[in-house]
Amino acid sequence: MSKRGVVSDFRGQEVRTGDIIVYGARHGNTVRMSEGEVLDVTTEKYKGRLIPSIKVKPTGRASGFVARESVATVNILADHWAVVERAEDRA
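An account of the accompanying structure is given in this report.

Calculation rules
- Residues numbered from 1 in each chain as written.
- Predicted model: local features only at pLDDT ≥ 70, side-chain atom pairs only at ≥ 80, totals over all residues.
- Heavy atoms only, no water.
- Pairing = 2+ DSSP bridges.
- Helix = DSSP H or I, 4+ residues; strand = E, 2+ residues; numbered from the N terminus.
- Axes fitted to C-alpha atoms, helices over the stretch in contact; angles between N-to-C directions.
- Contact = heavy atoms within 4.5 Å.
- Polar contact = N/O pair within 3.5 Å; in protein donor to acceptor, adjacent residues only side chain to side chain.

Our next topic: the sheet that holds strand E1 (residues 20-27). Here we have five strands laid out as an open sheet, ordered E4-E3-E2-E1-E5, and antiparallel in their pairing. Edge strands, defined here as strands with exactly one partner in the open sheet, are strand E4 (74-77) and strand E5 (81-85). Taking each pair of neighbouring strands and ignoring which way they run, the sheet shows an average axis angle of 50°. As paired elements, strand E3 (residues 49-62) and E4 share four bridges and run antiparallel to each other. Within the sheet, the bridge partner assigned to Ile54 lies in E4 and is Ile76.

What follows is the structure in C-alpha cells.
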C-alpha cells in the first residue's frame, strides 16, 4: 500500500478526497452503517506498520430508525469502510 501511494477499500477501489463512503459507526451497543464524505486521506505509523486513516464528515444518512445525534468529523481506520460514490461522478 505505501509503495503505490494509494489508499483503497477492501474491494480495491482507491479513495480520494470528496468521495462518499459507507462505514460502520457505533451507536450504543449496536453498530450502524453511516455514510460520509471523505475530507482527508492519511496514513499513521503504529508499531512499525502504516495504517490508512480517513477523516470523514457524516452526511446524515445512516441505517436504523434513530436519528444521528452528531455530524462531527470522525477518523476511520483501514478495514471499516467502502467507497459508494466517486467525487467525479457527482460533479
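Following the structure, the description resumes.
Relative to the helices and strands, Glu35 is located in strand E2 (residues 30-46). In the structure, Glu35 is positioned 23 residues away from Pro58 in sequence and 5.9 Å away in space, judged by C-alpha atoms. Residues contacting Glu35, with those up to four places away along its chain left out, are Ile20, Ile21, Val22, Tyr23, Pro58, Thr59, Gly60 and Arg61. Within the structure, the side chain of Glu35 is placed 2.5 Å from the side chain of Arg61, a separation counted as a polar contact.

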